Amino acid sequence: MKTVLTTPVNSNQTTQTSQLIPASPTSVENPSTWMRDGYSPTEIILAAAILISLSIRGIASVIVAITGLVKTLVRPTSNKTK
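All values reported here derive from a predicted model rather than from experimental measurement. (Residues numbered from 1 in each chain as written. Predicted model: local features only at pLDDT ≥ 70, side-chain atom pairs only at ≥ 80, totals over all residues. Heavy atoms only, no water.)

Peer 1: Teacher, can you tell me more about the overall build of the protein here?
Peer 2: Within the protein one finds 2 helices and 0 strands. Taking all 82 residues of the protein together, 2% fall into the buried category. Surface exposure of the protein reaches about 8500 Å², of which carbon and sulfur atoms provide 64%. (Helix = DSSP H or I, 4+ residues; strand = E, 2+ residues; numbered from the N terminus. Buried < 20%, exposed > 50% of the residue type's maximum accessible area, 1.4 Å probe, protein only. Areas by Shrake-Rupley, 256 points an atom, 1.4 Å probe, with all protein chains shown as cover.)

Below, the structure written as structure tokens:
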């Protein structure tokens, strides 16, 4: 007894092909354009760092001035004469 395994063949089979579509290139501006127009990421970060530094320095100078004023107005109790 001979057993033969057969697989049915579908005559309606179609082959589907896919086409690779190249992705459209993203538009990246030229860094020289950033520098010329003044909106370079590096320039923005640098400007923010300078402004933050100046504001911290300004706050520190106000604190030092207030501390000096308080020291001048409030005399220590050990220096009072009896």
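Peer 1: Mind showing me how you'd approach a nonpolar patch on the surface here?
Peer 2: Residues V62, I66, L69, V70, L73 and V74 make up a contiguous nonpolar surface patch of about 580 Å² in total accessible area. With respect to the secondary-structure elements, V74 resides in the segment after α2 (41–73). (Patch = residues over 30% accessible without salt bridge, like charges linked within 9 Å, V, L, I, M, F, W, Y side chains within 5 Å. Salt bridge = Lys/Arg side-chain N within 4 Å of Asp/Glu carboxyl O.)

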